[in-house]
Amino acid sequence: MDAAAFPEWTCSGCGSAETSVPSPHPVFRQAPVCAGCLRVYHLGEFTKIDGHEVYCRWCGNGGELLLCDRCPRALCVDCVDRNAGSQYAATAAETDDWACLACD
C-alpha cells in the first residue's frame, strides 16, 4: 500500500497523528503504533523492580504507572487514558486490585 495514501490515524503509544502505515503493538495487537514508538519499545528489556516493570508496557516510557495485580506489567496513566478513556483511567488509579488491559 502506498504510505502517502494511508488515512490519518492516531498512535496508541504517543498520541501523535500519523499518515504512515501503522504497526500493531507488540502486546496490545489491536492498537496501532508509529515507527518511533515501536523503536522505543524494542530498545531493550523492561526492567523490573519488586516484581513489576518500571516503564509503561504500552509506550515504553515512565510517568505515573498503574501496576497490574495479575502480571508484572505497568501501564502509564496517559496511555490508559488515551486508549481506554479517562473514566477507566481514573477508576484504575483508585482501585486496589487492577488488571492491565492484557489481563482483563
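Conventions used here
Residues numbered from 1 in each chain as written. Predicted model: local features only at pLDDT ≥ 70, side-chain atom pairs only at ≥ 80, totals over all residues. Heavy atoms only, no water. Salt bridge = Lys/Arg side-chain N within 4 Å of Asp/Glu carboxyl O. Buried < 20%, exposed > 50% of the residue type's maximum accessible area, 1.4 Å probe, protein only. Helix = DSSP H or I, 4+ residues; strand = E, 2+ residues; numbered from the N terminus. Contact = heavy atoms within 4.5 Å. Core = buried A, V, L, I, M, F, W, Y, C linked by side-chain atoms within 4.5 Å.

Caption draft 1: Broad picture of the pattern of salt bridges. Within this structure, the stated rule accounts for two salt bridges. Note that R57 is salt-bridged to E53, the shortest N-O span being 2.4 Å. For the pair shown, R57 and E53 are each scored as buried. As a salt-bridge pair, R70 and D97 come within 3.4 Å of each other at their nearest N and O atoms. Note that R70 is positioned in the loop between β7 (65–67) and β8 (74–76) and D97 in the segment after α3 (86–94), a separation of 27 residues in sequence.

Caption draft 2: Structural context of the environment of E8. Along the polypeptide, E8 turns up in the segment before β1 (9–10). In this structure the C-alpha to C-alpha distance between E8 and S20, which are 12 residues apart in sequence, comes to 7.9 Å. E8 has contacts with A17, E18 and T19, leaving out every residue within four places of it along the chain.

Caption draft 3: Representation of the environment of C14 in the model. Along the chain, C14 falls in the loop between β1 and β2 (17–18). For C14, a relative accessible area of 40% puts it in the partly exposed group. When the C-alpha positions of C14 and C100 are compared, they lie 18 Å apart, and in sequence the two are 86 residues distant. Setting aside residues no more than four positions away along its own chain, C14 makes contact with C34, C37 and R82.

Caption draft 4: Representation of the nonpolar core. Residues C56, W58, L66, L75, C79, W98 and C100 are the most contacted members of the largest nonpolar core, which totals 17 residues. Counting residues per element, the ones that place at least two in this core are β8, α2 (77–84) and α3. Ranked by residues supplied to this core, first place goes to α2 with three residues. In this view, L75 contacts F28, C56, R57, W58, E64, L65, L66, V80, W98, C100 and L101; residues no more than four positions away in its chain are not counted. Residues F6, C11, V33 and C37 belong to the second largest nonpolar core, which totals six residues.

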